[in-house]
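Observations on chain architecture
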Amino acid sequence: MTRTLVIACGALATEILAINTLNGWDHYELQCLPAKLHLHPDRIPDAVEKLVLENRDRFETIFVAYADCGTGGVLAARCKALGVEMINGPHCYAFFEGNQAFEARGEVTSFFLTDFLARQFDGFVWKPMGLDKNPELLELYFGNYEKLVYLAQTEDVALTAKAKEAAQRLGLTFERRYTGYGDLVSALDPKNASAPRPVPG
Amino acid sequence: MSNEEDDDLILSELPDDELVPQMHDDLYDGMADEIAEGVDILLERGWEPYDVLTKALVEGMRIVGIDFRDGILFVPEVLLAAGAMKRGMAILKPLLVDSGAPQLGKLVIGTVKGDIHDIGKNLVAMMMEGAGFEVVDLGINNPVESYLEALDKENADILGMSALLTTTMPYMKVVIDTMKEQGIRDDYIVLVGGAPLNEEFGKAIGADSYCRDAAVAVETAKEYMARKHNQL
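Parameters and conventions
- Residues numbered from 1 in each chain as written.
- Chains lettered and ligands numbered in written order.
- Predicted model: local features only at pLDDT ≥ 70, side-chain atom pairs only at ≥ 80, totals over all residues.
- Heavy atoms only, no water.
- Helix = DSSP H or I, 4+ residues; strand = E, 2+ residues; numbered from the N terminus.
- Rg over C-alpha atoms; globule rule 2.2 N^0.38 Å.
- Buried < 20%, exposed > 50% of the residue type's maximum accessible area, 1.4 Å probe, protein only.
- Areas by Shrake-Rupley, 256 points an atom, 1.4 Å probe, with all protein chains shown as cover.
- Contact = heavy atoms within 4.5 Å.
- Lys, Arg positive; Asp, Glu negative; His and termini not counted.
- Charge placed at Lys NZ, Arg CZ, Asp CG, Glu CD.
- Domains from an automatic or database assignment.
- Buried area = accessible area lost by both parts, 1.4 Å probe.
- Pairing = 2+ DSSP bridges.
- Axes fitted to C-alpha atoms, helices over the stretch in contact; angles between N-to-C directions.
- Disulfide = S-S within 2.5 Å.
- Polar contact = N/O pair within 3.5 Å; in protein donor to acceptor, adjacent residues only side chain to side chain.
- Core = buried A, V, L, I, M, F, W, Y, C linked by side-chain atoms within 4.5 Å.
- Phe/Tyr/Trp six-rings, centres within 6.5 Å; stacked < 30°, edge-to-face > 60°.

1. A look at the overall build of chain A
Scanning chain A for helices and strands turns up 10 helices and seven strands. Its C-alpha radius of gyration of 17 Å places chain A within 12% of the 17 Å reference for a compact globule of 201 residues. Its C-alpha atoms put chain A at 55 × 30 × 30 Å along the principal axes. When burial is assessed residue by residue, chain A has 49% of its 201 residues classed as buried. Split by element, the accessible area of chain A, about 9600 Å² in all, is 52% carbon and sulfur.

Dropping the structure here:
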């Protein structure tokens, strides 16, 4: 039985499982919180804490596969208080591109999609923003953006077409950038000191 | 709140004590045309522009704000309500200038450098204006120089800074630290807001107050201005 738990955002589930398959990793068990928590980032720290406390007795180590994700540092503080590690960086799109590279670009007027968000554009962007019912809000939400950047984790023609269509719907120019899994791989790599490591058990 | 009965309502036939609550409902439902019509009707009936603003529009938005805070309304609904209020304010604004409406103070506001998300900032600016503050809106992506120049040039009382991103919110401290270096920090009330911020962050960077939403920003600004006047 594995004694390491990774608590991840549901938006990363497919990617984490793919990384495990690619690397032949089975050194941790994965539990995901609903990706929809991103619509209310203030709820993420409590949800993570609840899962950590529920599993603390069952696992030797717990790793949190979330970046800051709009919590304004609160998630990092909570993880520190709980004594668990988490992923560095502001958002998943930053660590997919690589946190340093993402910061260096300093793209202020770009709106980012990952594979997950391209796949779930309607459920995670269009509808929660009320654009299905009130398209007149588009300018209020996206008027200051210029470009939609699709940070692709995989080579997927159909997904690229979906991302391009999303850009058109938002009235933004489109750019596709292949990132692969970026810093998420090293964050989960057992060779990394702060990553979830196998615990003999 | 809308129902079939509302669709048949003729606003001009409602007495004042029914029209104003109806406008609150229309604002709640984001019905901009009906709000504009209601404002016109009240003005025709001899209402002071300031009373129309405060009793019909600001009070309506106050209810919207409460339900947003309580998780009953979400951002899209608030934006539609704000759009309706904006339509009403567009009618009232030119009339308010000469009507002797109280001026509570002057606010310079903008999103910080690197941040283009202005929905919250725009809501605060509108509600502050509705509450009687003069608002100088610097827009988005403001470096420290823009804030300082505007504060000085406009002889402002309050600086409002807004950020949506975890990566941009630390810039607020850059602005406040620069104000300290120049010896002007205590000349202004500094209010900060934005989704990832919290009270602890506001204190840590040296702001006077963190405001979690537009309604709180208005109340906080009023309190600080009252204290300021008491000190004079």
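2. What to know about the overall build of chain B
Looking only at helices and strands, chain B features 10 helices and five strands. The C-alpha atoms of chain B give a radius of gyration of 19 Å, which matches the 17 Å a tight globule of 232 residues would have. Dimensions of chain B, computed from C-alpha atoms along their principal axes, come out at roughly 60 × 35 × 25 Å. Across the 232 residues that make up chain B, the buried fraction comes to 51%. Considering only contacts in chain B between residues 6 or more positions apart, those separated by 24 or more positions represent 71%. Carbon together with sulfur atoms contributes 50% to the accessible area of chain B, which is approximately 11000 Å² in total. For chain B, the distance from the average position of its 19 positive side-chain charges to the average position of its 44 negative side-chain charges is 10 Å.

3. Topic: the domain arrangement of chain A
All names here are of chain A. Domain annotation for chain A reports domain 1 (4-90 + 183-188) and domain 2 (99-178). Here the C-alpha centroids of domain 1 and domain 2 sit 24 Å apart. In this complex, domain 1 contributes 11 residues to the contact, which on the side of domain 2 involves eight residues. Approximately 730 Å² of surface area, both sides summed, lies buried where domain 1 meets domain 2, with 59% of it carried by carbon and sulfur atoms.

4. What about the sheet that holds strand E5 (residues 209-210) of chain B?
Pairing between the strands of a sheet comes from backbone hydrogen bonds, and it takes one of two forms, parallel or antiparallel. Residue and element names in this part refer to chain B. In spatial order, the strands read E2-E1-E3-E4-E5; together these five strands make up an open sheet with parallel pairing. The sheet is open, and its two borders are formed by strand E2 (133-137) and E5, each paired with just one other strand. The pairing of strand E1 (residues 105-111) with strand E3 (residues 158-162) spans five bridges and is classified as parallel. Across the sheet, the residue bridging to Val-108 is Leu-159, located in E3. Helix H7 (residues 144-154) contacts E1, E2 and E3 of the sheet and is inclined by roughly 165 degrees relative to E1.

5. As for the state of the cysteines
By definition, a disulfide links two cysteine residues through a covalent bond between their sulfur atoms. All names here are of chain A. Inspection of the entire model under this criterion finds zero disulfides over all chains. With no disulfide of its own, Cys-69 lies closest to Cys-9 among cysteine sulfurs, the gap being 6.2 Å. Free of any disulfide, Cys-79 has its nearest cysteine sulfur in Cys-69, 10 Å distant.

6. Details of the environment of Gln153(A)
Residues and elements named next belong to chain A. On the secondary structure map, Gln-153 appears in the loop between strand E6 (147-152) and helix H9 (157-170). What makes Gln-153 buried here is its relative accessible area of 2%. Spatially, the C-alpha atoms of Gln-153 and Gly-130 are 28 Å apart, while their sequence positions differ by 23 residues. With sequence-adjacent residues up to four places away left out, Gln-153 is seen in contact with Glu-15, Phe-96, Thr-114, Asp-115, Tyr-178, Thr-179, Gly-180 and Tyr-181. Within polar-contact distance, the side chain of Gln-153 engages the backbone oxygen of Leu-151 at 2.9 Å. Polar contacts involving the side chain of Gln-153 include one to the side chain of Thr-179, which spans 3.3 Å.

7. Here we look at the nonpolar core
In this structure, Tyr66(A) and Leu113(A) are the most contacted members of the largest nonpolar core, which totals 66 residues. Three or more residues apiece are contributed to this core by two domains, here domain 1 (4-90 + 183-188) and domain 2 (99-178) of chain A. Counting 50 residues, the second largest nonpolar core, distinct from the first, contains Leu57(B), Met89(B), Leu96(B) and Ala131(B).

8. Examining the sheet that holds E6(A)
Residues and elements named next belong to chain A. Strand order in this open sheet of three strands is E5-E6-E7, and the pairing throughout is parallel. The open sheet has two edge strands, strand E5 (110-113) and strand E7 (173-178), and neither has a second partner. Across the sheet, the axes of successive neighbouring strands diverge by a mean angle of 25 degrees, strand direction being ignored. Here E6 pairs with E7 via six bridges, running parallel. When the sheet's bridge partners are listed, Lys-147 is paired in E7 with Thr-173. In this fold H9 packs onto E5, E6 and E7, with an angle of close to 165 degrees to the strand it touches most, E6.

9. Brief notes about the packing of aromatic side chains
Residues and elements named next belong to chain A. In the structure shown here, the tally under the stated rule is 10 aromatic pairs over all chains. Ring geometry for Tyr-93 versus Phe-102: centroids 5.6 Å apart, planes at 45 degrees, classification tilted. In this structure Tyr-93 comes out as buried when scored by relative accessible area, which is 18%. On the basis of relative accessibility, which here comes to 16%, the residue Phe-102 falls in the buried class. A centroid spacing of 5.5 Å and a plane angle of 75 degrees characterise the contact between Phe-111 and Tyr-145, whose relative ring orientation is edge-to-face. Here the residue Phe-111 occupies a position in strand E5, and Tyr-145 occupies one in the loop between helix H8 (138-142) and E6, the gap between them amounting to 34 residues. Tyr-145 shares its class with Phe-111; the two are buried.

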